[in-house]
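One letter stands for each residue in the lines below.
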Amino acid sequence: MVRRVPPIFVVLLAICVWISLLNPRFATVPGFMSFLMRAAPAAILAAGQLFVIVAGGFDLSVGSLITLVVLGSSMLIDGDPANTAWVIAVMFLIGIAVGVFNGAVTSWLKVPSFITTLGMLVTLKGFALLWTGGAPRGFLPNNFRVFGRNRLTGVPLLDEVPYAVIILLVVAVVATYLLHRTGWGKQLIALGDNPRAARLSGVPTAKVRILAFVASATSAVIAGILLGGFSGVSTNVGDGQELGAISAAVLGGAKLLGGRGTMPGAIAGALTLQALFTLLNLLGWPKPLRDGLQGVIIIGAVAYTAWRERRS
Amino acid sequence: MSGYVIRKPGRAGLPPAFLFLAGAFVAAWVLVSLFGRGQFLSAANISNIFVRSVALGIVAVGQSFAILGGSIDLSVAHLISVTAVMASFIMQGDPANIARAIVVVAAIGLGVGLLNGLIITKLRVNALIATLGTGLFMQGLLSTSFQNFAGAVAPEFEVLAYGTWGPVPIPVVVLLGVVALGALVMHRTRFGARLYAVGGHAEVARLSGLRTDRVLIGAHIIASLSAVLTGLFIAARLGAGAPWVGQDGVYDLESIAAVVVGGTALAGGRGGVLGTLAGVLIFSIMDSMFNQLGTGAFLKQVFRGFIIIAAVASYSVRSREEVG
């Protein structure tokens, strides 16, 4: 439940104001829409990751799943736009299967999800490279890439809205509803807060956890489709995305090992990271230094949260 | 404090991971003999398997300390890059600079381990985030300052990677020495016993009078110093360090994988470095086998992920606790 404005929104607003001062175009509708479009995959991924984090787990496999979606789609579509629809359906099925596997191994074989999904990270990346022979092959047709790079035109007031932003909005609303307004969401938080207590009070822990991993994997499939559209076929498109998603959720106030986290916070965390990169880019920081500052910021944010918790 | 008896933690015999190691060895032997090219059981190949294990093995020993204490270290890959670059940059091919280079990188390792430990214990930042953050920070500084191979190690320094001691390669001697030292610290010192206590149940350890923070900081310093040694080995092997050598080897996730395949519990408190050595050797045997079978690197990767999950499942499946 969101009781008051979490600090992440203040930080996000401050960074956005700063960017606008440096680059007035950012504060216009098209400028902000472009920003949201670039941030959409990471924000969707953070939303999915949060389901797993509040339940006390990690999903490290999402980055490799993104790579598999991008490479696998280009292989299966094979240049024929008529294949796009069923290939996207197949990708969602693969995602659901990965999520069920992650959740089932964690729940029934008692392998910590950090390890389960680390194994999946290695396996899925290997599988994607095996499938394509290690090099990006083929291309994604326009009707696949439209979701990641095109805009819906003729929208009243806003004129053009990227499809990615509409998808982000839908994901945000659905995910917020699922986590904060359903019994499953409450069970997830209970499971993360105290797994034994949750089990003893009748929470079907395996089912609840498997669904969380399915949600996370599904978000990775959506993010993969958007990234494939935005930047095309590459073998390292998903690398490191899992750590970005975890960082975003944590910046948004989620507690690792479970029990606490808000969906608007996690999405704002991802937007903040993207805004920060935009800002540092405008200030002329080279990319490695930007990554370095990200490290300091996530430590600072978590230390601040821990300090506030101890004081209260 | 000196009066009480310390119960020797850990198992007296070999950890169960050695059973998997034996299984992997036999499976690789049979498969390569039937379908592969070359001899699996030749002295050259066995030596090759060990040499393959050195870089990952050393850093995995340090990672075992962090994980045994209930923590984790994601910064090792970046520290390996920092070490390899700094060592070859300071040496500039001159043997007179070897000592200075080693002192500098050891000091960096000490500082990074101390910083990781302090952030985790004093600022109460989750270890995953803390070491992810310090790793990103180090890599940022490094990649801003260096874009390519920097300097060169002294030719004398390459002994660390290419020298032999009788028939045994020096790197293998170093690896076994590090494992022996790690086992000694873990099983025969008070610090080791305290580390098991902290990893087993930090709150109970604290209430029984252990300074848990110091123990964890010590574990992180060991993890960082082992990453430094791996970085030195890689610099010796390549002749120079580049800012991507650590990440290219995925030493962060691979070392964690080797530790848990070796039977150390991710939650801490159970396991040891001998198991970690078995975990690393299992990976090297599989690598060697897939090479000799000529199946290519990607199939190997597909299998490796499943091996990680299956090995850990075999240890955890009887647990009745909820695992997150």
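(A) Representation of the pattern of salt bridges. Residue and element names in this part refer to chain B. The tally for this structure, following the rule as stated, stands at eight salt bridges over all chains. Note that R206 and E203 form a salt bridge whose closest N and O atoms lie 2.8 Å from each other. Of this pair, R206 and E203 both sit in helix α9 (residues 202-207), three residues apart, which is roughly one turn of the helix. For D287, the salt bridge is made with K300, and the minimal N-O distance between the two is 3.8 Å. Here the residue D287 occupies a position in helix α13 (residues 273-293), and K300 occupies one in helix α14 (residues 297-316), the gap between them amounting to 13 residues. Looking at D287, the relative accessible area reads 12%, which means it is buried. Residues participating in the shared-partner salt-bridge network are E254, D287, K300 and R304.

(B) Broad picture of the interface of chain B and chain A. In this complex, chain B contributes 43 residues to the contact, which on the side of chain A involves 54 residues. Counting each side, the surface lost to burial between chain B and chain A is near 4000 Å², with a carbon and sulfur contribution of 77%. When the buried area of chain B at its contact with chain A is split by residue, F298, I309 and E322 of chain B rank highest and sum to 17% of it. At the junction of chain B with chain A, the criterion picks out zero salt bridges. Linking chain B to chain A there are six residue pairs in polar contact (both at pLDDT 80 or more). Looking at the side of chain B that touches chain A, the elements that each hand over two or more residues are α5 (127-145), α12 (251-261) and α14 of chain B.

(C) Structural context of the confidence of the model for chain B. Averaged over every residue, the pLDDT of chain B is 91; the share at 70 or more is 96%. Long-range and interchain partners of residues 1-8 of chain B, a stretch whose pLDDT sits below 50, account for nine contacts in this model, where long-range means more than four residues apart.

(D) Layout of the pairing of strand β2 (residues 159-162) of chain A. Residues and elements named next belong to chain A. One ladder, built from three bridges, connects strand β1 (residues 151-155) with β2; its direction is antiparallel. Paired with R151 across the two strands is P162, which belongs to β2. With antiparallel pairing between neighbouring strands as the criterion, β1 and β2 make up a hairpin whose turn holds three residues, including L157 at a positive phi of roughly 70°.

(E) Fine view of the packing of aromatic side chains. Counting across every chain of the model gives 14 aromatic pairs over all chains. For the pair Y304 of chain A and W307 of chain A, a centre-to-centre distance of 6.2 Å together with 35° between the ring planes defines the contact as tilted. Remark: W307 of chain A and Y304 of chain A occur in helix α13 (residues 287-311); sequence separation between them is three residues, near one turn of the helix. Both rings, one in F290 of chain B and one in F303 of chain B, keep their centres 5.4 Å apart while their planes meet at 40°; by these two values the pair is tilted. Of the two residues, F290 of chain B sits in helix α13 while F303 of chain B sits in helix α14, which places them 13 residues apart along the sequence. Given a relative accessible area of 5%, F290 of chain B falls into the buried group.

(F) Representation of the environment of I221 of chain B within the structure. Residue and element names in this part refer to chain B. Looking at the element boundaries, I221 is found in helix α10 (residues 212-238). On the basis of relative accessibility, which here comes to 17%, the residue I221 falls in the buried class. Other than its neighbours up to four places away in sequence, I221 contacts L110, G113 and L114.

(G) Region of the structure containing helix α1 (residues 17-35) of chain B. Residue and element names in this part refer to chain B. The end-to-end C-alpha separation of α1 is 26 Å, in line with the 27 Å expected for 19 residues at 1.5 Å each. Taken together, the buried positions of α1 are occupied by A17, L21, A24, A28 and V32. Buried residues of α1 fall within an arc of 65° about the axis and therefore sit on the same side. Turned more than 90 degrees away from the buried face of α1, the exposed residues are L19 and L34. Tucked into the core, α1 has its buried residues touching α12, α13 and α14.

Procedures and definitions
- Residues numbered from 1 in each chain as written.
- Chains lettered and ligands numbered in written order.
- Predicted model: local features only at pLDDT ≥ 70, side-chain atom pairs only at ≥ 80, totals over all residues.
- Heavy atoms only, no water.
- Salt bridge = Lys/Arg side-chain N within 4 Å of Asp/Glu carboxyl O.
- Helix = DSSP H or I, 4+ residues; strand = E, 2+ residues; numbered from the N terminus.
- Buried < 20%, exposed > 50% of the residue type's maximum accessible area, 1.4 Å probe, protein only.
- Contact = heavy atoms within 4.5 Å.
- Buried area = accessible area lost by both parts, 1.4 Å probe.
- Polar contact = N/O pair within 3.5 Å; in protein donor to acceptor, adjacent residues only side chain to side chain.
- pLDDT = per-residue confidence, 0-100.
- Pairing = 2+ DSSP bridges.
- Phe/Tyr/Trp six-rings, centres within 6.5 Å; stacked < 30°, edge-to-face > 60°.
- Expected span 1.5 Å × (residues − 1).
- Arc of directions from axis to C-beta.

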